Amino acid sequence: MSTNRKHIINRKRFLVPVIILVLLVGLRLALPYLVKNYVNKVLADIPGYYGQVEDIDLSLITGSYTIDQLYLNKVNAETEIPFLNFERTNISIEWASLLKGKIVSEISMYRPSLIYVFEDQQKETEANANIDDWTKALTDLVPIDINQLEIHDGKMAFVQLAADPNIDLHLDQIELYANNLRNVVRTGEQLPSNLVADAVSFGGGNLHLEGKLDPVKQIPDMDLALSLENADATALNNFTDHYAGIDFSKGQFNFYGEMAIADGYLEGSLKPIIKNAKLIGKEDAFLETLWEGFVGFFKFVLKNHKENTLATKVPIEGDLNNVKTKTWPTVINIFKNGWIEAFKNIVDNDIDYRDVQKTADKKNSKAND
């Protein structure tokens with residue numbers, strides 16, 4: 001072999017790895033921009049909404065990427081308050097599940113916020129915007145099924161700026177953990193996934209949500225219980241004054257709810273309780289004062305005087321396409337609290353997933369006959 005040919009071969013052996021290395025480095029540098037452009041295109045294509053991300057960081061070694069400052073709002077929103085604002089979202093492969101032969105992902109969200117500004121969301125758009133569009137778009141940003149979800153220091157709020165004064169009902173410091181969402185760990189249970197969440201509500205109340213679910217089904221089965229305790233009732237004044245002309249000078253607001261869904265059939269109940277409440281009137285508006293006096297009278301009649309509580313229990317039942325509240329049981333429960341016994345400040349746990357499953361089976365059997 002000639003000296004020149006050996007030199008050319010040696011040079012190729014050197015150049016080929018260098019070229020491959022340069023291409024890989026270039027691809028690594030360009031990939032975050034390519035992914036960012038893809039994500040921004042997905043967000044921009046949501047009907048009636050506009051969204052963007054500030055930055056995306058990739059880690060090829062760990063198989064993860066981080067989305068910084070994801071923003072989403074209505075196209076014609078009158079305010080600059082973002083509907084969704086996710087400060088940092090880390091998406092990665094769940095390595096523990098990979099060892100079990102399942103390729104699934106885990107998501108950790110830090111300081112995400114969802115703020116529903118009534119005027120922005122109710123405003124008509126040229127495009128037919130709905131919740132399915134933006135939820136599907138966000139799901140599409142995760143190429144692998146989600147098995148674990150964590151939310152840290154989250155925020156949710158309902159805001160109505162046209163009300164005077166403004167309405168702001170919010171949950172802060174949301175901590176949420178949901179695992180085994182894709183049923184990687186097969187326990188044999190009908191509801192294999194676990195969910196638990198805590199938050200601080202308006203008025204300094206403590207919210208707790210926990211339960212089990214099976215989100216793999218098209219209509220997820222679930223058995224959930226929620227409690228909101230020790231919220232200052234005066235924090236509701238802007239809301240209750242705007243919609244019912246009621247103000248509280250003091251009192252505690254508590255709320256308890258439970259819900260079970262089996263094969264698309266739902267049973268549940270909602271139980272609001274107001275303790276030690278005192279209504280106040282408005283001297284500058286005779287009709288408003290009259291209305292509050294009317295409400296105050298019925299509060300006196302319907303409350304449990306021994307426990308000094310005003311409460312009711314609203315049952316909900318039906319399929320997910322026609323969930324309805326039962327009017328007469330609601331009225332009966334008002335009088336039950338007023339004249340028989342005060343509702344206890346606990347989740348009743350009288351909604352059982354197995355009972356709902358039996359009801360669903362009976363209804364499905366009748367439908368098939």
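Our structure's up above, just so we're on the same page.
Now for a quick tour of the structure. In this text the structure is predicted, and so the values were computed from the model without any measurement. Throughout this description, residue numbers start from 1 for each chain and increase along the sequence as written. It should be noted that, the model being predicted, local features are given only for residues of pLDDT at least 70 and side-chain atom pairs only at 80 or more, the latter also being counted only at that level, while totals for whole chains, interfaces and linings use all residues. Values shown for side chains rest on all heavy atoms present in the structure; no hydrogens or waters enter the calculation.

Brief notes about the side chain of Asn180
Thought 1: As for its position among the elements, Asn180 is in the loop between β6 (167-179) and β7 (193-201).
Thought 2: Ignoring anything within four residues of it in the chain, the contact list for Asn180 reads Asn147, Val185, Pro192 and Ser193. Counting from the N terminus, the helices are the DSSP runs of H or I reaching at least four residues and the strands are the DSSP runs of E reaching at least two. Any two residues whose heavy atoms approach within 4.5 Å at even a single point are treated as in contact.

Quick word on a positive patch on the surface
Thought 1: A surface patch of like charges, here positive, comprises Lys358, Lys362, Lys363 and Lys366.
Thought 2: Along the chain, Lys366 falls in helix α8 (residues 353-368).
Thought 3: The buried label applies to any residue whose accessible area, calculated with a 1.4 Å probe on protein chains only, is under 20% of its type's maximum; exposed applies above 50%, and partly exposed to all values in between. The class for Lys366 is exposed, based on a relative accessible area of 66%. Every patch collects residues that have over 30% relative accessible area and no salt bridge, joining them within 9 Å if they carry like charges and within 5 Å if they are nonpolar side chains (Val, Leu, Ile, Met, Phe, Trp, Tyr). Shrake-Rupley sampling with a 1.4 Å probe provides the accessible areas, and residues are treated as covered by the protein chains on show and by no other component. By definition, a salt bridge exists where a carboxyl oxygen of Asp or Glu is found within 4 Å of a side-chain nitrogen of Lys or Arg. Positive charges come from Lys and Arg alone, negative charges from Asp and Glu alone, with His and the N- and C-terminal ends not counted. By convention, the point assigned to a charge is CZ for Arg, NZ for Lys, CD for Glu and CG for Asp.

Comments concerning unusual backbone geometry
Thought 1: Omega for the bond connecting Asp164 with Pro165 falls within 30 degrees of zero, at 0°, which places this linkage in the cis form.
Thought 2: Residue Gln69 is not a glycine yet carries a positive backbone phi of 55°.
Thought 3: Relative accessible area serves as the criterion here: at 30%, Gln69 is assigned to the partly exposed category.
Thought 4: One non-glycine residue with positive phi stands out, namely Asp153, at about 55°.
Thought 5: If you trace the backbone, Asp153 turns up in strand β5 (residues 146-160).
Thought 6: For Asp153, a relative accessible area of 38% puts it in the partly exposed group.

As for the side chain of His152
Thought 1: Within the secondary structure layout, His152 lies in strand β5.
Thought 2: In the analysis that follows, any N or O atom pair within 3.5 Å is treated as a polar contact, provided that within protein one partner can donate a hydrogen and the other can accept it, and provided that, for residues neighboring in sequence, both atoms belong to side chains. Within the structure, His152 has its side chain in polar contact with the side chain of Glu150 (distance 3.0 Å).
Thought 3: Apart from the residues lying within four places of it in its own chain, the contact partners of His152 are Met109, Tyr110, Arg111, Pro112, Ile174, Glu175 and Tyr177.

Looking at the nonpolar core
Thought 1: One finds Leu43, Leu70, Trp134 and Leu138 to be the most contacted residues of the largest nonpolar core, which totals 52 residues.
Thought 2: Setting aside residues no more than four positions away along its own chain, Leu70 makes contact with Leu43, Gln52, Val53, Leu84, Asn85, Phe86, Leu138 and Leu141.
Thought 3: By size, the runner-up hydrophobic cluster in this structure holds eight residues, among which are Leu191, Ile351, Val356 and Ala360. Working definition of a nonpolar core: buried Ala, Val, Leu, Ile, Met, Phe, Trp, Tyr and Cys residues. They are joined through side-chain atoms within 4.5 Å.

Considering a nonpolar patch on the surface
Thought 1: Among the surface-exposed residues, Trp95, Leu98 and Ile103 lie close enough to one another that they form a single nonpolar patch of about 310 Å² accessible area.
Thought 2: Structurally, the position occupied by Leu98 is in helix α2 (residues 95-98).
Thought 3: Residue classification places Leu98 among the partly exposed positions, given a relative accessible area of 34%.

Quick look at the pattern of salt bridges
Thought 1: Under the definition given, this model contains six salt bridges.
Thought 2: Residues Lys155 and Asp172 are paired through a salt bridge, measuring 3.1 Å at the closest nitrogen-oxygen approach. Taken together, the positions of Lys155 in strand β5 and Asp172 in strand β6 put the pair 17 residues apart, joining distant regions of the chain.
Thought 3: Lys155 gets classed as partly exposed once you look at its relative accessible area, which sits at 28%.
Thought 4: For Asp172, a relative accessible area of 23% translates into the label partly exposed.
Thought 5: In this structure, the salt-bridge partner of Arg354 is Asp352, at a minimum N-O distance of 3.2 Å.

Some remarks on helix α5 (residues 237-244)
Thought 1: Taken together, the buried positions of α5 are Asn237, Thr240 and Asp241. Down the axis of α5, the sector holding all buried residues measures 100°, keeping them to one side.
Thought 2: For α5, the elements touching its buried residues are β10 (247-262).
Thought 3: Looking at the residues trailing α5, positive phi occurs at Gly245, about 65°. The arc under discussion is defined with respect to the helix axis, by the directions toward the C-beta atoms.

Thoughts on the pairing of β6
Thought 1: Any two strands between which DSSP finds at least two bridges are classified as paired. Here nine bridges tie β5 to β6, and the two strands are oriented antiparallel to one another. By the bridge assignment for β6, Phe158 is matched with Leu169.
Thought 2: Count of turn residues in the β5/β6 antiparallel hairpin: six residues.
Thought 3: With seven bridges joining them, β6 and β7 adopt antiparallel strand pairing. Bridge pairing links Leu171 to Ser201 in β7.

Quick word on the environment of Asn76
Thought 1: Here Asn76 is to be found in the loop between β2 (64-74) and β3 (84-93).
Thought 2: Taking the relative accessible area as the measure of exposure, Asn76 reaches 26% and is therefore partly exposed.
Thought 3: A sequence separation of 27 residues divides Asn76 from Tyr49, and the C-alpha atoms of the two residues are 8.2 Å apart.

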